[in-house]
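Structural description and commentary
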There are 2 protein chains.
Amino acid sequence: MKNNITESSKCNAEDFPSVDGLRMTRQRSEVYSVLMSYRDHPTAGEVFERAKENMPTISLATVYNCLEALVQHGAVRQVNFERESSRYCPNLTEHGHFHDEESGKIIDVPLKKGAKLSDLLDLPEGAEIDNLEITLRGKISNN
Amino acid sequence: MKNNITESSKCNAEDFPSVDGLRMTRQRSEVYSVLMSYRDHPTAGEVFERAKENMPTISLATVYNCLEALVQHGAVRQVNFERESSRYCPNLTEHGHFHDEESGKIIDVPLKKGAKLSDLLDLPEGAEIDNLEITLRGKISNN
DNA sequence: TCAATAATTAGAATTATTCTAAAAATAGCT
DNA sequence: AGCTATTTTTAGAATAATTCTAATTATTGA
């Protein structure tokens, strides 16, 4: 079992034939399937490494292109942690990210149902939010 | 009047003689004063340009060094918007940032007093938050 | 004053990402 | 099916922000 993904959770490019208005090429399918299979937060480089296992001829530029296309079509989210390279996230529900300083792990942090951003923040007059990024860094004290 | 800062709001490096445990060199003072004077969110390159007006011999590497020192001593905050170059923020109160897509302006968004993060987010068990970054992107509909 | 330490500097190196231009694939006709 | 236009992929070059290096300068404290 490679990359600590179980066989049962593994899936293939053919499992994702389409994303709304995006033409599904073999490469886009492969990139999308990599993200949907592993369900973590890989960088473009990591996606490239994983994609090459199934599709050894794919290029890094294509991975960047595919990721951009997927992001623009809302199939995947791009998240940034400080100055590190962008990571890609298949979780489309509203959520933030907790970055564990000890393990390095990135954990999705769901927004509470019904909670409103305006309860936490004094938003500027007339602000229309298109995009929200919440990033937390810290430790998990597991007693 | 340059850089839309009024004379009265302008200040000099000598106005900031010390930051807690940080040795205040001329360059660090200058960089700090640039941030405190303009109170916006300049990139390292922009800080460099502004600092050169008073101190033409300062180098970009030094600006990076000074900014890093100031950030590490909690005198200034480093904020990141997507993949853009880091910006530096002199506002030490807890706040997020709203990035206006039309004007490009960055607006500080204060956290509401008494509001708790845990009201908005389902934080992981035992999570200890060292750092919180909230970034909003959108438009201001000014009727 | 002098030695030890720390900061500054210019320029080289690094790294993630984007760009370029050519080749390959695909779609939409007829 | 064949042809043309459009899109995508590709390798490698280019870019840009940041960090590193090694030499110089400044500062501290004995």
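Our subject in this report is the structure included herewith. (Residues numbered from 1 in each chain as written. Chains lettered and ligands numbered in written order. Predicted model: local features only at pLDDT ≥ 70, side-chain atom pairs only at ≥ 80, totals over all residues. Heavy atoms only, no water.)

1. Thoughts on the protein's contact with DNA strand C
- Among the 16 residues in the neighbourhood of DNA strand C, the closest are listed as Tyr64 and Ser86 of chain A together with Thr25, Ser59 and Thr62 of chain B.
- Of everything in DNA strand C that lies within 4 Å of the protein, sugar and phosphate atoms constitute 83%.
- Contact distances for DNA strand C include 2.5 Å between a phosphate oxygen and a side-chain N or O atom of Tyr64 of chain A.
- Within the side chain of Thr62 of chain B, one N or O atom sits 2.5 Å away from a phosphate oxygen of DNA strand C.
- Elements with a minimum of two residues in the surface near DNA strand C: helix H3 (60-72) of chain A together with helix H1 (26-38) and helix H3 (60-72) of chain B.
- Take the surface near DNA strand C: its biggest share by element is three residues, from H3 of chain B. (Near = heavy atom within 4 Å. Polar contact = N/O pair within 3.5 Å; in protein donor to acceptor, adjacent residues only side chain to side chain. Helix = DSSP H or I, 4+ residues; strand = E, 2+ residues; numbered from the N terminus.)

2. Some thoughts on the pairing of strand E3 (residues 95-100) of chain B
Residue and element names in this part refer to chain B.
- Burial of E3 is extensive: six of the six residues sit out of reach of the surface.
- By the alternation rule, side chains of E3 split into His95, His97 and His99 and Gly96, Phe98 and Asp100, which are all buried.
- Bridge analysis of E3 against strand E4 (residues 106-110) gives five bridges, and the strand direction is antiparallel. Looking at E4, one finds that Phe98 is bridged to Ile107.
- Between E3 and the antiparallel strand that follows it, E4, lie five residues; Gly104 among them carries a positive phi value of about 80°. (Buried < 20%, exposed > 50% of the residue type's maximum accessible area, 1.4 Å probe, protein only. Pairing = 2+ DSSP bridges.)

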